[in-house]
Amino acid sequence: MQRRRLKTLSVLVENQPGVLARIAGLIARRGFNIESLAVGPTDDPIFSRMTLVVDESQVHVEQIVKQLYKLINVIKITEFEPDDSVERELMLVSVRATPEKRFQVIELAEIYGGRIADVGADSICLELSGPPGDLDDLLDLLEPHGVSEVARTGRVALERARKATVL
Amino acid sequence: MADRITGSQALVRSLEHVGVDVVFGIPGGAVLPVYDPILDSPIRHILVRHEQGAGHMAQGYYWATGRPGVALVTSGPGVTNILTPITDAFMDSVPIVVIAGQVARAAIGSDAFQEAPTFNMTMPVTKHNFVIMDAAEIPEVIAQAFHIATTGRPGPVYVDLPKDVGVEEMDWWWPEDPGANLPGYKPNVRPHAGQVKKAVELITAAQRPVVYAGGGILKARAAEALRDFCEKTGIHAVTTLMARGALSDEHPLCLGMPGMHGSYTAVTSMQKSDLLIALGSRFDDRVTGRVADFAPHAKVVHVDIDPAELSKVRAADVPIVADCRLAIEALIKEFDKQERRREERGDAPVDRSAWNAQIDAWRSAYPYKYVAGDRPDVVKPQYVLERLNAAAPDAIVTAGVGQHQMFASQWWRFREPYHWINSGGLGTMGFAVPAAVGAQVGAPDKVVWCVDGDGCFQMTMQELITASVEGIPVKVAILNNGYLGMVRQWQDLFYDERHSEIYLSQDVPDYVGLAEAMGCAGFRVDTVDEVDSVIAKAMAITDRPVVVDFRIDPAEHVYPMVPAGKSNDGVILGPAFGQPEHQMAGDGAAPMTSGGEGEVEPPPEHPDGHMTLDKGGF
Ligand SMILES: Cc1ncc(C[n+]2csc(CCOP(=O)(O)OP(=O)(O)O)c2C)c(N)n1
Ligand SMILES: [Mg+2]
């Protein structure tokens, strides 16, 4: 197995009927593997933003970008390395936790800035948003306690703001 | 005062506005509202017998006129029947606009009668598609559809029109600029000056350069520019299956067709070249053979209007995104400039005399050649094509898919562009007859010869009924070998002559009787000495279609040949050069496959070691 090299593609698209189907269809048709896909509105109602994560060690990113650009509804594609972008993801995770064990679970969540979204008799649902790596780490730590269900949004990203030049 | 009209009237008026003069189609429930205003329009409607015919006619019309072809069909089966030509046009970058009725808006998604997810179905095989949900959008969508189909890398555009949108009223308007509301569509047509300079530096330094001219030359109306470029630089050109005629076959710098059944000289000059100047070509697997072995010593200058083609298959040393005509013109200008500088410096130009002599030697040693039949009743397909070409040198030629297509591309001497119309990328049997009808509609003063296989003919021959009834006098030469000949060739060569499901019969159907039943003249040729006289008879008939049933030698194979997935270094010249037939069977046979056209090799390795996945699905 080659080491994964994740790359984020932020795709600004026209908010037209079928645009998600176009992107998803193209990806399937060309056999491009993607790690995640998140879709949402932007500040301008005529555009949406799709955030695609691909593994550069598995796919030819340049071809994906060129093929996506051929879609008439695609306006602009920005490629991010994890280092020059702010990336966030939201996760809901349901953990089987009896009242005795609950505090341990909550403590773990709090270390990562997570919150309690719902509490039941023998399970607890946590909510965490943050860099995708944090979500992975928390999930690993929760695993021994018995994770019953996970839902993640897939990551969204924007380019990092330019920092003032230090002279 | 607002001009209040129905959506259907707006649609027909929009077609008139973009300059449509002919529509190929067949009505049905969902598209009925559109057929009513057609009655009052100067647009000619040609009633086809099958929607596949309408699509291929639109393609043929484009090739003959340079204007986009238009097809009009009903929802559901009307659209599924035209998916083949849409895909064909997509593969060969042919601008057609297909307009289809759809069930009423409220019924979409409800499995209503003749409702199919046609918007979804056409999405992956069109350059773009639309569904019109408001009659007010009709003029803009039609303007955009034609704009998208004909600019950039051309291609098919599909428009879905729900029935009630066609009935609804709207205030007529016409958009000034069809591209105004397409923020994501800005094809790059002008070549980058720096890249042009780099390209010319490679061109002037190359010892063994070859122009690899593809269909993009014809789309860009760049044949003249290509000739100027070749003459100015003295560089030879190969013309791909999609570009036959882009440089005249009579031109001393033209090397003919490259690829699997290309001329020895075209294939080998590319193999040995040190610079490939790819102009509007896409390194298709039928041209390259095994990619890893293709033109191993060549640097590549690659001009294409579609950036996704550059370095898709073969890494380009100098990629240029541009319209082919503008790029070639820029290359010529830059070439002049660099040549002037060289002269000022007093340097000698590169000496290509040895290379040019080598090319001439290949040409005279390995021309297209066949073994003439030893009996008068053995009619060779190559001979038929030679005689047809002699009788109608200026004809537009269409072809189906198979041996007859390869023979036609090899043996016809194309002296002008836009005289060869065939299905290259998709390889669609049944293309030839309707494409010929469409071409004849677009070019009524030309002679149009459809060179078809007996198998292909049986797929779409009913469009000859359309042709008779509409007075479209196409001529059809059936190269009747009684077989799915190309499949037979593969079974002969790679499956030890085990013939599986390829026999058609030369006698059934009775093609002469069939032609007459469809309102055409019909002739049959059984012997070599009948060939010329029957061609003359066919040429003399101009008031209706003609079908000639040429009974040809079923055992003939197409040569030269490079087996699929093999290196282009291994051109097999065939029996005319004393090579035994069937030498490929047994050991060293090409990979076994089930299709007539064999297999596409696995995706090439990407230069940095990753697989490019653009050829495979999953
Ligand atoms: C629609 C379609 N079906 C099947 C094929 C596979 N195929 C390629 S060539 C060929 C045989 C064509 O036979 P014919 O038209 O008689 O031409 P010939 O090769 O005999 O000249 C077949 C079946 C195809 N290209 N298109
Ligand atoms: Mg045949």
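Just so it is clear, the model here is predicted, and its values are computed rather than measured.

Asks: Looking at this structure, how should I read the sheet that holds strand β15 (residues 420-421) of chain B?
Replies: Sheet strands pair by backbone hydrogen bonding; their relative direction is either parallel or antiparallel. All names here are of chain B. The sheet built from six strands is open, its strands ordered β15-β14-β16-β17-β19-β18 with parallel pairing. Pairing within the sheet leaves two strands with one partner each, and these edge strands are β15 and β18 (521-525). In this sheet, strand β16 (residues 448-453) lies alongside strand β14 (residues 396-399) in parallel orientation, the contact comprising four bridges. Residue pairing across strands places A399 opposite V451, the latter belonging to β16.

Asks: Mind showing me how you'd approach the packing of helix α3 (residues 51-65) of chain B against helix α4 (residues 77-91) of chain B here?
Replies: Each pair of packed helices can be summarised by the angle the axes make with each other and by the distance between the axes. Residue and element names in this part refer to chain B. Where α3 meets α4, the closest approach of the two axes is 7 Å, and the angle between their N-to-C directions is 30°. Classed by the angle they form, the pair α3 and α4 counts as roughly parallel. With respect to the hand of their crossing, α3 and α4 are arranged in right-handed fashion. The residues of α4 that touch α3, namely those facing E51, Q52, A54, G55, H56 and Q59, are G78, N81, I82, T84, P85, D88 and A89. Looking at the contact of α3 with α4 residue by residue, the classes come out as four nonpolar, seven polar and two charged.

Asks: Mind showing me how you'd approach the nonpolar core here?
Replies: A general trend in soluble globular proteins is that nonpolar side chains are found buried together. All names here are of chain B. Residues F24, V211, L226, L279 and F457 are the most contacted members of the largest nonpolar core, which totals 87 residues. Looking at this core element by element, the count peaks at seven residues for helix α17 (residues 432-442). Contacts of F24, omitting those with residues within four sequence positions, involve H45, I46, V48, A54, M57, A58, Y61, V70, A71, L72, G438 and V441. Core analysis: the second largest hydrophobic core is formed by 44 residues, Y370, M486, I552 and A564 among them.

Asks: Explain the domain arrangement of chain B here, please?
Replies: How big an interface is tends to be expressed through the accessible area that disappears when the partners come together. All names here are of chain B. You can read the domains of chain B as domain 1 (4-171), domain 2 (193-362) and domain 3 (369-551). Summarising the inter-unit geometry, the C-alpha centres of domain 1 and domain 2 are found 38 Å apart. Taken together, the contact between domain 1 and domain 2 spans nine residues of the former and eight residues of the latter. Carbon and sulfur atoms supply 56% of the area buried between domain 1 and domain 2, which totals about 780 Å² over both sides.

Asks: Looking at this model, I keep getting lost on the interface of chain B and chain A. Mind explaining?
Replies: Every contact between the two is made by 25 residues of chain B and, on the other side, 25 residues of chain A. Counting the surface lost from both chain B and chain A, the interface buries some 2,100 Å², and carbon and sulfur atoms represent 58% of this. Run the count over chain B and chain A and you get one salt bridge. At the junction of chain B with chain A, the criterion picks out five residue pairs in polar contact (both at pLDDT 80 or more). Taken together, the residues of the side of chain B that touches chain A sort by class into 11 nonpolar, nine polar and five charged.

Asks: I would appreciate a short explanation of the pattern of salt bridges in the present structure.
Replies: Where charged atoms of side chains with opposite charge meet at close range, the side chains can pair. Within this structure, the stated rule accounts for 46 salt bridges over all chains. In this structure, the salt-bridge partner of R325 of chain B is E329 of chain B, at a minimum N-O distance of 3.1 Å. On the criterion of helical spacing, the pair formed by R325 of chain B and E329 of chain B is a turn pair, its members being four residues apart in helix α13 (residues 324-345). For E329 of chain B, a relative accessible area of 36% puts it in the partly exposed group. Connected via shared salt-bridge partners are R5, K7, E56, E79 and E81 of chain A.

Asks: I would appreciate a short explanation of the packing of aromatic side chains in the present structure.
Replies: The way to describe two aromatic rings as a pair is by their centre distance and the angle between their planes. Residue and element names in this part refer to chain B. Under the definition given, this model contains 15 aromatic pairs over all chains. Residues Y368 and W411 carry aromatic rings whose centres are separated by 6.1 Å and whose planes lie at 40° to one another, so their mutual orientation is tilted. On the criterion of sequence distance, the pair formed by Y368 in the loop between α14 (353-365) and α15 (381-391) and W411 in helix α16 (residues 403-411) is long-range, its members being 43 residues apart. Between the aromatic rings of Y483 and Y503, the centroid separation amounts to 5.4 Å while the plane-to-plane angle is 65°, which identifies the pairing as edge-to-face. With Y483 in the loop between β17 (475-480) and α20 (485-494) and Y503 in the loop between α20 and α21 (511-517), this pair connects stretches of sequence that are 20 residues apart. Classification of Y503 as exposed rests on a relative accessible area of 56%. Ring-pair connections join several aromatic residues into one group, and the members of that group are Y212, F283 and F294. Above the plane of the ring of W172 lies R13, whose end atom (NZ or CZ) is 5.1 Å from the centre. Positioned over the ring face of F577 is K369, at 4.6 Å from the centre of the ring.

Asks: Just checking my understanding: could you explain the sheet that holds strand β1 (residues 6-14) of chain A for this structure?
Replies: All names here are of chain A. Taking strand neighbours across the sheet as the criterion, the four strands line up as β2-β3-β1-β4 in an open arrangement whose pairing is antiparallel. Across the chains shown, the open sheet's two edge strands, defined by having one partner strand only, are β2 (36-41) and β4 (74-80). Strand-to-strand twist of the sheet, defined as the mean angle between neighbouring strand axes without regard to direction, takes the value 15°. With six bridges joining them, β1 and β4 adopt antiparallel strand pairing. Residue pairing across strands places V13 opposite V74, the latter belonging to β4. Of the strands in this sheet, β1, β3 (47-55) and β4 are in contact with helix α2 (residues 61-70), which crosses β4 at around 160°.

Asks: Honestly, the domain arrangement of chain A in this entry has me stumped. Any pointers?
Replies: All names here are of chain A. In terms of domains, chain A is made up of domain 1 (6-80) and domain 2 (86-158). Taking only C-alpha atoms, the centre of domain 1 and the centre of domain 2 are 28 Å apart. The partner domain 2 presents seven residues to the 10 residues of domain 1 that form the contact. When domain 1 packs against domain 2, the two sides together hide about 590 Å² of surface, and 60% of this comes from carbon and sulfur. Of all residues in domain 1, the largest losses of buried area upon contact with domain 2 belong to A38, T51 and F80, amounting jointly to 47% of the total for that side. Between domain 1 and domain 2 we count one residue pair in polar contact (both at pLDDT 80 or more) in total. When residues of the side of domain 1 that touches domain 2 are traced back to their parent elements, those giving at least two are β1, β2 and β3. Its residues placed into classes, the side of domain 1 that touches domain 2 shows five nonpolar, four polar and one charged.

Rules of the game
Residues numbered from 1 in each chain as written. Chains lettered and ligands numbered in written order. Predicted model: local features only at pLDDT ≥ 70, side-chain atom pairs only at ≥ 80, totals over all residues. Heavy atoms only, no water. Pairing = 2+ DSSP bridges. Helix = DSSP H or I, 4+ residues; strand = E, 2+ residues; numbered from the N terminus. Axes fitted to C-alpha atoms, helices over the stretch in contact; angles between N-to-C directions. Parallel < 35°, antiparallel > 145°, perpendicular 65-115°, else oblique. Left-handed = near helix turned anticlockwise from the far one by under 90°. Contact = heavy atoms within 4.5 Å. Nonpolar A, V, L, I, M, F, W, Y, C, P; charged D, E, K, R; others polar. Core = buried A, V, L, I, M, F, W, Y, C linked by side-chain atoms within 4.5 Å. Buried < 20%, exposed > 50% of the residue type's maximum accessible area, 1.4 Å probe, protein only. Domains from an automatic or database assignment. Buried area = accessible area lost by both parts, 1.4 Å probe. Salt bridge = Lys/Arg side-chain N within 4 Å of Asp/Glu carboxyl O. Polar contact = N/O pair within 3.5 Å; in protein donor to acceptor, adjacent residues only side chain to side chain. Phe/Tyr/Trp six-rings, centres within 6.5 Å; stacked < 30°, edge-to-face > 60°. Lys NZ or Arg CZ within 6 Å of the ring centre and 35° of its normal.

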